[in-house]
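Listed below, chain by chain, are the residues.
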Amino acid sequence: MGTAAEMLGVSPSFLRALGAAKLIEPKRSSGGHRRYSRYQLRLAARARELVDRGTPVEAACRIIILEDQLAEALRINESRTTGD
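My aim in this report is to walk through the structure given alongside it, one point at a time. (Residues numbered from 1 in each chain as written. Predicted model: local features only at pLDDT ≥ 70, side-chain atom pairs only at ≥ 80, totals over all residues. Heavy atoms only, no water.)

### Re the packing of helix 3 (residues 38-52) against helix 4 (residues 57-82)
Alright, step 1. Two elements in contact, helix 3 and helix 4, have axes whose closest approach is 9 Å; the angle formed by their N-to-C orientations is 130 degrees. Of the possible angle classes, the one that applies to helix 3 and helix 4 is oblique. As for the relative orientation of helix 3 and helix 4, their crossing is right-handed in sense. Note on element contacts: helix 4 touches helix 3 through V57, A60, I63, I64, E67 and D68, opposite Y39, L43, R46, A47, L50 and V51.
Alright, step 2. Its residues assigned to classes, the contact of helix 3 with helix 4 comprises nine nonpolar, no polar and three charged. (Axes fitted to C-alpha atoms, helices over the stretch in contact; angles between N-to-C directions. Helix = DSSP H or I, 4+ residues; strand = E, 2+ residues; numbered from the N terminus. Parallel < 35°, antiparallel > 145°, perpendicular 65-115°, else oblique. Left-handed = near helix turned anticlockwise from the far one by under 90°. Contact = heavy atoms within 4.5 Å. Nonpolar A, V, L, I, M, F, W, Y, C, P; charged D, E, K, R; others polar.)

As structure tokens, then:
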């Protein structure tokens, strides 16, 4: 967690807040350390951008979740209309 927080320029408590808001749920190593995927780190970076602009953490997480759901729905719709 410390390495991920350092890479993103955030505190470990920020990453824990993202986990509590169900934005990211890192895997655990055998030693119990949190392991974040690149995708999760991108989500955390996006959350930081929103929070830096004044959006509360919970709201930033909800925005990102909704953006992700919309992108997935658009991908599904596109694949249905193109016949893929």
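### So, the pattern of salt bridges
Alright, step 1. Throughout the structure, instances matching the rule amount to four salt bridges.
Alright, step 2. A salt bridge links E49 to R46, with the shortest nitrogen-to-oxygen separation between them at 3.6 Å. Taken as a pair, E49 and R46 lie in helix 3 at a separation of three residues, close to a single helical turn.
Alright, step 3. Taking the relative accessible area as the measure of exposure, E49 reaches 40% and is therefore partly exposed.
Alright, step 4. The network of salt bridges with common partners includes R46, E49 and E67. (Salt bridge = Lys/Arg side-chain N within 4 Å of Asp/Glu carboxyl O. Buried < 20%, exposed > 50% of the residue type's maximum accessible area, 1.4 Å probe, protein only.)

### So, helix 2 (residues 12-20)
Alright, step 1. Turning to helix 2, its buried residues are F14, L15 and L18. One side of helix 2 holds all its buried residues, which, seen down the axis, span an arc of 100 degrees.
Alright, step 2. Its buried side turned inward, helix 2 meets helix 1 (2-8), helix 3 and helix 4.
Alright, step 3. Among the residues trailing helix 2, K22 stands out with phi positive, at a value near 65 degrees. (Arc of directions from axis to C-beta.)

### A word on helix 4
Alright, step 1. For helix 4, built from 26 residues, the straight-helix expectation of 38 Å at 1.5 Å per residue is met to within 8% by its first-to-last C-alpha distance of 38 Å.
Alright, step 2. For helix 4, the set of buried residues is A60, C61 and I64.
Alright, step 3. Check the buried side of helix 4 and you find it contacts helix 2 and helix 3.
Alright, step 4. Phi turns positive, to about 80 degrees, at G83, one or two residues after helix 4. (Expected span 1.5 Å × (residues − 1).)

### Focus: the nonpolar core
Alright, step 1. Of all hydrophobic cores here, the largest spans 20 residues; its most connected members are L15, L18, L23, I24 and Y36.
Alright, step 2. Contributing elements (two or more residues each) for this core: helix 1, helix 2, helix 3 and helix 4.
Alright, step 3. Broken down by element, this core gets its largest block of residues, five residues, from helix 3.
Alright, step 4. In this structure L23 touches L18, L43, A47, C61, I64 and I65, once residues within four positions along its chain are discounted. (Core = buried A, V, L, I, M, F, W, Y, C linked by side-chain atoms within 4.5 Å.)

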